[in-house]
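Given next are the chains, with one letter for each unit.
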Amino acid sequence: MIRALPIVSFCFLVLGGVYLAGSLELPMGSAARPGAGLYPFLVGITLVALSAPLFIRSLKLKETQQERAEPFPRGKDRQRVMAVAATLFFFVVLLKPLGYIICSIALMGAILRLLGLRSWGKVVLTSIFTTAISYYLFFSILGVPLPPGIFSF
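Residues numbered from 1 in each chain as written. Predicted model: local features only at pLDDT ≥ 70, side-chain atom pairs only at ≥ 80, totals over all residues. Heavy atoms only, no water.

### Points about the overall build of the protein chain
Turning to step 1, where the next piece is worked out: Broken down by element type, the protein chain carries six helices and zero strands.
Turning to step 2, where the next piece is worked out: Listing every helix and strand of the protein chain by position from the N terminus yields α-α-α-α-α-α.
Turning to step 3, where the next piece is worked out: Only carbon and sulfur atoms are counted for the fraction: they give 73% of the accessible area of the protein chain, which is about 11,000 Å². (Helix = DSSP H or I, 4+ residues; strand = E, 2+ residues; numbered from the N terminus. Areas by Shrake-Rupley, 256 points an atom, 1.4 Å probe, with all protein chains shown as cover.)

### Some points on helix α5 (residues 100–114)
Turning to step 1, where the next piece is worked out: An ideal rise of 1.5 Å per residue puts 21 Å on 15 residues; α5 measures up with 21 Å between its terminal C-alpha atoms.
Turning to step 2, where the next piece is worked out: Along α5, the positions that sit buried rather than exposed are Tyr100, Cys103, Ser104, Leu107, Gly109, Ile111 and Leu112.
Turning to step 3, where the next piece is worked out: Close packing links the buried residues of α5 with α4 (75–98) and α6 (120–141).
Turning to step 4, where the next piece is worked out: Directly after α5, the chain includes Gly116, whose backbone phi takes a positive value near 115 degrees. (Expected span 1.5 Å × (residues − 1). Buried < 20%, exposed > 50% of the residue type's maximum accessible area, 1.4 Å probe, protein only. Contact = heavy atoms within 4.5 Å.)

### Points about the packing of helix α1 (residues 4–23) against helix α2 (residues 38–60)
Turning to step 1, where the next piece is worked out: Contact pair α1 / α2: the axes reach a minimum separation of 7 Å and the direction vectors enclose 155 degrees. Taken together, the axes of α1 and α2 are roughly antiparallel relative to one another. Where α1 crosses over α2, the handedness of that crossing is left-handed.
Turning to step 2, where the next piece is worked out: Residue composition of the contact of α1 with α2, grouped by class: 18 nonpolar, seven polar and no charged. (Axes fitted to C-alpha atoms, helices over the stretch in contact; angles between N-to-C directions. Parallel < 35°, antiparallel > 145°, perpendicular 65-115°, else oblique. Left-handed = near helix turned anticlockwise from the far one by under 90°. Nonpolar A, V, L, I, M, F, W, Y, C, P; charged D, E, K, R; others polar.)

### Section: the pattern of salt bridges
Turning to step 1, where the next piece is worked out: Scanning all chains against the criterion turns up one salt bridge.
Turning to step 2, where the next piece is worked out: The partner of Asp77 in a salt bridge is Arg80, with the nearest N and O atoms 3.2 Å apart. Of this pair, Asp77 and Arg80 are both found in helix α4, three residues apart, which corresponds to roughly one turn of the helix.
Turning to step 3, where the next piece is worked out: Judged by relative accessible area, Asp77 falls into the partly exposed class, the value being 42%. (Salt bridge = Lys/Arg side-chain N within 4 Å of Asp/Glu carboxyl O.)

### Concerning the environment of Val8
Turning to step 1, where the next piece is worked out: Summarising the element assignment, Val8 is placed in helix α1.
Turning to step 2, where the next piece is worked out: Once the C-alpha coordinates of Val8 and Phe55 are considered, the two residues, 47 residues apart in sequence, prove to be 8.3 Å apart.

### A few points about the packing of aromatic side chains
Turning to step 1, where the next piece is worked out: Taken as a whole, this structure holds five aromatic pairs when the rule is applied.
Turning to step 2, where the next piece is worked out: Seen in terms of ring centroids, Tyr39 and Phe138 are 6.3 Å apart; in terms of plane orientation they differ by 75 degrees. Their pairing is edge-to-face. Taken together, the positions of Tyr39 in helix α2 and Phe138 in helix α6 put the pair 99 residues apart, joining distant regions of the chain.
Turning to step 3, where the next piece is worked out: Aromatic ring contacts, followed pair by pair, group Tyr100, Tyr135 and Phe139 into a single cluster. (Phe/Tyr/Trp six-rings, centres within 6.5 Å; stacked < 30°, edge-to-face > 60°.)

Below, the structure is given as structure tokens:
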């Protein structure tokens, strides 16, 4: 029987290495003014740093009970996975017409609710806070143009 974990973790290790190598061809910039290569560089390092130990550990492990289990959730867990996938689909479809701010708040709110956060106050505050931080990071600091949607002036 072929075990999936070593294969998948090796693929992510190679992907991270290739992504990291490609990022080195882009300008890194400085701490005050990050360049186009900084974010891909960090993503590549993260992929390699997470997949290398997983790959090594997966070579040492024998097949566990969890690997013999159903690879896709059942029942309510399956519904939750499908709901998150549908939420991400609608985020992508509505991002351009509605804009980054509205779609990100809605996405975070939906995912927080799907993952079990029941307090609407916490859901709303967390959604607005995370959207504000990501907007500031991408738009203001990194200079990434985000779809304004209905907020275009």
